[in-house]
Amino acid sequence: MLIRLAGGHVVDPANGRDGVGDIWIRDSRIIEPPQGETPDEVFDLSGKIVMAGAIDIHSHIAGGNVNTARLLLPENHRAHVARPAETPLSTAGWSTFETGCRYAAMGFTTVIEPAVPTHTALHSHLELADIPILDKGILTVVGEDDFLLNLLREGGNRTAIADYLASALAQTKGLGIKSINPGGSVAFADNARTYDLDDMVPFYGVTSRQITEALQQGVMDIGIAHPLHLHTNNLGIGGNVETALRTLQAANGKPLHLAHLQFYAYGKEGKRGFSSAAAQLADAVNKTPNVTIDVGSVMFRQTVTISCDVIRQFASIGTAKPRKSMIYDGEVNGAGVVPYLYKAESYYNAVQWAAGLELFLLITNPAQVFFTTDHPNGAPYTTYPDLFALIMSRDLRNKVIADLPKEAIEQTTLPSIAREYTFSEIATMTRVAPAKLLGLKDRGHLKAGALADIAVYDDDPADRARAFRHAHLVFKDGDLVVRDGKITHYRTGRALTVQPTYDSNIDRRLSRYYDEAYGLSRDLFKVPEQAIGVDHAFEEVACQG
Amino acid sequence: MTAYVDGTAVPLDAAAAEAARLLEGARLPLVAGLQTDVAGTRAAILLAEKLRGAYDHAASDALLRDVGVLRQAGRMVTTANDVRLRADLILLVGPRLTALWPDLAERLALGASPRLSADKAARKIFWLGGETGAAAAIGATEISVGANQLPLAVAGLRAAVAGRKSRLGGALAKSLAELAETLKAAHFGAAVWSAESLDELTIEALSGLVLDLNQKTRFTNLAFGPAQNGVGVVQTSGWMTGFPVRTGFGRGYPEHDIWRFDANRLVDTGEADAALWISAYGAAAPNWRRKVPFIALAAPGTTFPYPPKVQIEVGTPGRDHDAIEWAREVASFTATSAAAASDAPRVDAVIGLISEHLKGN
C-alpha cells in the first residue's frame, strides 16, 4: 500500500521541517518520495497540520489500581454516544476500549502506563492488550521491596542492584524504572504519616535519597534509554517546592525524570500559606539540563487520584469527593485511589491550575518539559485538547483567569506570561522529546524509515481544542484508524519492552528469597510472552549499549 | 470432546450453529454462570455485547456484596503476602473461612513470626464468629458469637475501639473491650474475611473499624473472594465495560444494575428468553425455577435440572489448557500451565465459533 499525504503543513522539528510538503507511506513505514510510482491513495491535506503520532509518557490507563477506581466509582461512567457501531465496546465509558478510541482520536499513538508494581504486571498487560490501536509500555515500580532494601542495607552493591533492575524489567516486561516516594510504602506500613527525602526507611538504615541515587545509577548501568522516573516526596503540600529543588540537586548532574512537577510547585505565601512557586521551580529546571520533567497539569472537573504514593493518598482521604477511598498496602508497594473534584472557585485548585501552566510556559526548552495531566490525577487525558489550547493562547488563558479567585491568581505569575506555544514546540514536546526519552528511534518524527504513526489536524486558531480533540486523520503503522475524529476500525497494539542483559545469578537469589519469604515461586509473578493471547503482543526496544 | 443438540451427539460446528441460532433469535439473551478464565470471560462479554444481551456470574451474590460496600464506603486492603510478612495481629472475622480457603493458615504462615515485623514476637491471632473449634485448629483465640450476633459484635467492637458505648453486654462486651485494646496496640494488624460469609452491614462496620484503627496505628483488611477466577471475572468486566458483572447492553452501551441483570431473576421472570450457561471449572448447574432454552458450555458430567438445548463439553482452565486466572495467593492474575493438557475445547474458542455463526457477523 502506497499512500501520499499531499500538501499539508508538515511540522517535524526532529528533521527541521516546518512548512508545506508531502509525506509518503509504504505499508507501515514512512518512505522517501518514490520515483515514478503512482500512490494507491492520495490525501489532499492543504491547510492541515501534519505531525508524527503523539506519545504520552505518563498516564495511568491500566492495571489493578485503575480498575479499582472503575469499580469504586460507577457513577463516573457516563454513557457515551456510540462512535462506530461495529467496534466492540466502543460505547463503554472509561474502559480499555474507550481509552484506545479517545487517545487515537486525539492523534496519540503511544501511551506509557507509569506505575506498575512488580507483583501485578500481568494484570496491567492484560488491560493494555485490550486497549485498541495504541502501542503501550509500562514503567516498573521499584524501591519498596524487602529484597532490594536489603541489598541497599548491605552496602548497595552496584552490580547486584543493576542486575535486580534488569531482572525486574524482564519479569514485568517493562520499558523503564519508576520509583514513588522511595521508601514511603515501607514507612507507612511502620505508621509514618509523612516522609521526606532524607528520612530513614524504618529498619533498613537507608534514606529516600539513597534509594533514589542507587536506582538512578542502576538504571544508567543497565543501559536503557529512559532515566529513573521519579515521583519524589511531599507531593501536594504547601511549601513543597523546597523538596523539589532538593530533588533536582540530588540528581547530581545525572539523568533523571521528575514526574508531575506541578504537584511540587507550591510555596507558602499568602494568607492561606499556599502559593505558586512554579516560576522559581521552572528557573531551577532551566538550570538543570540533566533533568526532564512532566507537568501533571490540573484542570477543573471531577476526577479520581490514583497513586502508589500511599502516604500521600492516605493523607488525602479526608478531602475525597465523593467521600470514599481505597487505600492499599501490599508486599511490594502501597497505593491509594481517592476521588477528587477540582473546582474553579477553589483558591487551592486555582493556584494548582496556574502553577501547571506556569511550568509549561516558563521552562524554556520544550524538550525538557513533557505534556501530562498525570491522568487522571490532575485531570483526565480527555482534557488534553483544552490544555493544548491554553498553552497556545494567552487570550484564552486570560479568559479563564477572569473567572478564578483573584487572591489565588495573585499568588502566581501567570497573567504576566506572554508566551504562546507554536505547533513546532508542541511537536517537540509531545513527539520528538518523548521518543528520545523512551529510546524509540523510529517514532516521534517523520523521516523516511520512521513508523508511519501520523496525526493530521485542522489548523483552526479560533478553536484549537476542537482540532486536537478530533484529529482530521490518524495513521497507526500506516493504517488509517481515525477519519474526522471518528475511529474507523480497531487494530491490535503492542507493548514496548526493554531487555537489558544481566547476570542471572540475581534470579537464583530472588527465587530463593521468594521461596523463603512468600513460600511461592517467583515464576507466579512473571509475565509470560504467550499469556496475552495475541501475536506480537510485545516489541523490544533496543538498549543504548 | 462432545457436543449435543437436544441430547443427540453432533459435530462441534453444528452445535455452535444451533447455539448461534438460539441466541440470535432471543429478545433478551443472557450469559450466565461465567465460571471461566480471562480469555473465556473476554469472549463471553464481547458476545453479550454483540447480542445486546446481559451477563452475570454464578457467585455474584458474594462478589457484589464485596464490591457493593467498597463503592459505598471505600476500604483499606492488602494482600495475603503482606499479611504473611508483616502482620503482628490477625483478626479473622466470620464463619467458614478455612473451608472457603483451605490453605489459609499455611498461606498466611499463621504459626510463624512475621518476617518484617520489628519485634519478631509471635503473632496474636483471634477469630471472631468462627465455628466452634475452628479457631483452635489454627492456633487462634476463639471469640464465640452466634451467627446472627456477628453484625452486632463487629459494630460493638468498632464502638469499643472508638471509646463509644454499645448495647452489647455480658461476657461478649467484656471480651470485645479487651480485644479492642489489643487491636489498638498492634503495629500492623489485619482483619481477614470473605464476603462469602459476611453480610453488607458487617463488611461496612469492619471497613469502618479498620479506618478508625488507622487514626493511631496501622491496620488493614485481607478480603478474599470466591475461588475459580470469580474475582478475575469482576476485574475483567471492570476494564472491559467499566462495571462489574450484572451488566447489560440492551440500549447499545453497558448499563450495570444488580437487580435488573440478576441472571436468576431474568430467567425466573421470563425476561430472558435464551441463555448461555458457562461452567468450565466443575459440574455446576444453574438453579433456575423457570425453563428457558439454554446452551451449556460446561465441564463433562454436569447434571442439569432440565436438559439444555445445546450442550458442549469444555476443558477446565489450568488443567486441560493454559489459563490466566485470578490467584488469591497473590491477589492478582497469574498464568497457569495446563496440568494435564487435552483437546477439550476452551470456552473462548467455542464462543468464537458461535460468534462466527451469528448472521449479523
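Residues numbered from 1 in each chain as written. Chains lettered and ligands numbered in written order. Predicted model: local features only at pLDDT ≥ 70, side-chain atom pairs only at ≥ 80, totals over all residues.

Student: Break down the overall build of chain A for me, with residues and values.
Tutor: Along the backbone of chain A there are 17 helices and 24 strands. The dimensions of chain A, computed from C-alpha atoms along their principal axes, are 70 × 55 × 45 Å. Residue pairs in contact within chain A that sit at least 24 positions apart in sequence constitute 77% of those at least 6 positions apart. (Helix = DSSP H or I, 4+ residues; strand = E, 2+ residues; numbered from the N terminus. Contact = placed C-beta atoms within 7 Å.)

Student: Can you tell me about the overall build of chain B, naming the residues and giving the values?
Tutor: On a plain count of helices and strands, chain B comes out with 13 helices and 17 strands. Computed over its C-alpha atoms, the radius of gyration of chain B comes to 23 Å, within 12% of the 21 Å expected for a compact globule of 361 residues. Reported as C-alpha extents along the three principal axes, the dimensions of chain B are approximately 65 × 40 × 35 Å. Burial analysis of chain B (361 residues in total) assigns 57% to the buried set. (Rg over C-alpha atoms; globule rule 2.2 N^0.38 Å. Buried ≥ 20, exposed ≤ 12 C-beta atoms within 10 Å, placed from the backbone.)

Student: Go over helix H13 (residues 347–357) of chain B with me, naming the residues and quoting the values.
Tutor: Where H13(B) is concerned, the buried positions are B:Val347, B:Asp348, B:Val350, B:Ile351 and B:Ile354. In a view along the axis of H13(B), the buried residues occupy a sector of 160°, so they form one face of it. (Arc of directions from axis to C-beta.)

Student: So what's going on with the interface of chain A and chain B? Residues and values would help.
Tutor: A common way to state how big an interface is: give the accessible area lost once the parts meet. Contact residues are listed per partner, giving 45 residues for chain A and 47 residues for chain B. The set of elements that each furnish at least two residues to the side of chain A that touches chain B consists of helix H1 (64–72), helix H3 (121–129) and strand E16 (326–328) of chain A. A total of 5 residues in the side of chain A that touches chain B trace back to one element, the largest contributor, which is H1(A). Both E16(A) and strand E5 (residues 75–77) of chain B contribute to a ladder of 3 bridges, which runs parallel. Bridged to A:Met326 within E5(B) is B:Arg75. (Pairing = 2+ DSSP bridges.)

Student: Can you lay out the packing of helix H3 (residues 60–73) of chain B against helix H10 (residues 200–213) of chain B for me, pointing to particular residues and giving the numbers?
Tutor: Residue and element names in this part refer to chain B. Across the interface, H3 lies against H10 with an axial gap of 10 Å and an inter-helix angle of 45°. Classified by the interaxial angle, the pair formed by H3 and H10 is oblique. Both H3 and H10 take part in a crossing whose hand is right-handed. Taken together, the residues of H10 that come into contact with H3 (itself represented by Arg-65, Gly-68, Val-69 and Ala-73) are Glu-200, Ile-203, Glu-204 and Ser-207. Tallied by class, residues from the contact of H3 with H10 come to 3 nonpolar, 2 polar and 3 charged. (Axes fitted to C-alpha atoms, helices over the stretch in contact; angles between N-to-C directions. Parallel < 35°, antiparallel > 145°, perpendicular 65-115°, else oblique. Left-handed = near helix turned anticlockwise from the far one by under 90°. Nonpolar A, V, L, I, M, F, W, Y, C, P; charged D, E, K, R; others polar.)

Student: Account for the environment of A:Asp18, with residues named and values stated.
Tutor: Residues and elements named next belong to chain A. You can see Asp-18 is positioned in strand E2 (residues 17–26). Using a count of 15 C-beta atoms within 10 Å as the deciding quantity, one classes Asp-18 as partly exposed. Distance in space between the C-alpha atoms of Asp-18 and Asp-146 is 51 Å, their sequence separation being 128 residues.

Student: Could you give an account of the environment of B:Ala58, with specific residues and numbers?
Tutor: Residues and elements named next belong to chain B. Tracing the backbone shows Ala-58 in the loop between strand E4 (54–55) and H3. C-alpha separation for the pair Ala-58 and Ala-285, spaced 227 residues apart in sequence, amounts to 9.3 Å. In this structure, Ala-58 is in contact with Gly-33, Leu-34, Gln-35 and Ala-284, ignoring residues within four places of it in sequence.

Student: Just give me the short version of helix H8 (residues 241–250) of chain A, but keep the residues and values in it.
Tutor: Quick reminder: α-helices carry 3.6 residues per turn. Residues three or four places apart thus point the same way. Residues and elements named next belong to chain A. Residues of H8 that are buried include every one of Val-241, Ala-244, Thr-247, Leu-248 and Ala-250, and no others. On its buried face, H8 sits against helix H7 (208–222), strand E11 (256–258), strand E12 (266–267), helix H9 (278–286) and strand E14 (291–294). A positive backbone phi angle near 55° is found at Asn-252, which sits one or two residues after H8.

Student: Quick rundown of unusual backbone geometry? Include the residues and the values.
Tutor: Residues and elements named next belong to chain A. Cis geometry is found at the peptide bond from Lys-321 to Pro-322, where omega equals -5°. Of note, Pro-322 is situated in the loop between helix H10 (310–316) and E16. The backbone of Asn-252 shows a phi angle near 55°, a positive value even though the residue is not glycine. Residue classification places Asn-252 among the exposed positions, given that 11 C-beta atoms sit within 10 Å. In the Ramachandran plot, His-260 falls in the positive-phi region, its phi being about 35° despite a non-glycine side chain. With respect to the helices and strands, His-260 occurs in the loop between E11 and E12. Using a count of 27 C-beta atoms within 10 Å as the deciding quantity, one classes His-260 as buried.

Student: Give a description of the confidence of the model for chain B that names residues and reports values.
Tutor: Low-pLDDT portions of the prediction should not be read for the details of their coordinates. Taken residue by residue, chain B gives an average pLDDT of 96. The fraction at 70 or more is 99%. On the interface metric, ipTM, the complex scores 0.97, and its pTM is 0.97. (pLDDT = per-residue confidence, 0-100.)

Student: Can you explain the pairing of strand E21 (residues 479–483) of chain A? Please cite residues and give values.
Tutor: All names here are of chain A. Bridging between strand E20 (residues 473–476) and E21 involves 4 bridges; their strand directions are antiparallel. Bridging from a neighbouring strand, Phe-475 pairs with Leu-480 of E21. Hairpin connection of E20 to E21: 2 residues between the antiparallel strands, including Asp-477 at a positive phi of 50°. The sheet contact formed by E21 and strand E22 (residues 486–487) spans 2 bridges and is antiparallel. Bridging from a neighbouring strand, Arg-483 pairs with Lys-486 of E22. Turn length for the E21-E22 hairpin, with the two strands adjacent in sequence and antiparallel, is 2 residues, and the turn residue Asp-484 shows positive phi of about 50°.

Student: Describe the pairing of strand E16 (residues 323–327) of chain B, with residues and values.
Tutor: All names here are of chain B. The element E16 is extensively covered by neighbouring structure, given that 5 of its 5 residues are classed as buried. Side-chain alternation along E16 places Ala-323, Glu-325 and Ala-327 on one buried face and Ile-324 and Trp-326 on a second face that is also buried. When E16 meets strand E17 (residues 332–336), the two strands line up antiparallel, connected through 5 bridges. Considered in E17, the bridge of Trp-326 is made with Phe-333. Between the end of E16 and the start of E17, which pair antiparallel, lie 4 residues, with Ala-331 showing a positive phi angle near 55°.

Student: Tell me what's going on with the packing of H8(A) against H9(A), and back it up with residues and numbers.
Tutor: All names here are of chain A. At a minimum axis distance of 10 Å, the contact between H8 and H9 shows a crossing angle of 0°. With respect to H9, the element H8 is oriented roughly parallel. Of the residues in H9, those touching H8 at Val-241, Ala-244, Leu-245 and Leu-248 are Gln-280, Leu-281, Ala-284 and Val-285. Broken down by class, the residue content of the contact of H8 with H9 amounts to 7 nonpolar, 1 polar and no charged.

Student: Outline the confidence of the model for chain A, listing residues and values.
Tutor: Within chain A, residue pLDDT values average 95, and 97% of them lie at 70 or more. Note that residues 79–85 of chain A has pLDDT below 50 and, in this model, 17 contacts with residues that lie over four places away or in other chains.

Student: Tell me about the sheet that holds strand E2 (residues 8–10) of chain B, and please be specific about residues and values.
Tutor: Residue and element names in this part refer to chain B. Pairing is mixed in the open sheet, where 9 strands are placed in the order E2-E1-E15-E14-E13-E3-E4-E11-E12. Strand pairing shows two members of the sheet lacking a second neighbour, E2 and strand E12 (255–256), which therefore form its edges. Strand direction decides the pairing type here: strand E13 (residues 274–279) and strand E14 (residues 294–298), joined by 5 bridges, are parallel. Note that in E14 the partner of Trp-277 across the bridge is Ala-296.

Student: Before we move on, could you go through the nonpolar core and cite the residues and values that matter?
Tutor: In this structure, A:Ala104, A:Leu165, A:Leu359 and B:Ile90 are the most contacted members of the largest nonpolar core, which totals 308 residues. With 10 residues, the single largest contributor to this core is helix H11 (residues 347–362) of chain A. Among residues more than four places away in sequence, those in contact with A:Ala104 are A:Ile133, A:Leu134, A:Val474, A:Val481, A:Val482 and A:Ile487. (Core = buried A, V, L, I, M, F, W, Y, C linked by C-beta atoms within 7 Å.)

Student: Hey, could you go over the environment of B:Pro254 for me, with residue numbers and the actual values?
Tutor: Residues and elements named next belong to chain B. Take Pro-254: it is sitting in the loop between strand E11 (247–248) and E12. Given 26 C-beta atoms within 10 Å, Pro-254 falls into the buried group. With 200 residues separating them along the chain, Pro-254 and Ala-54 place their C-alpha atoms 8.9 Å apart.

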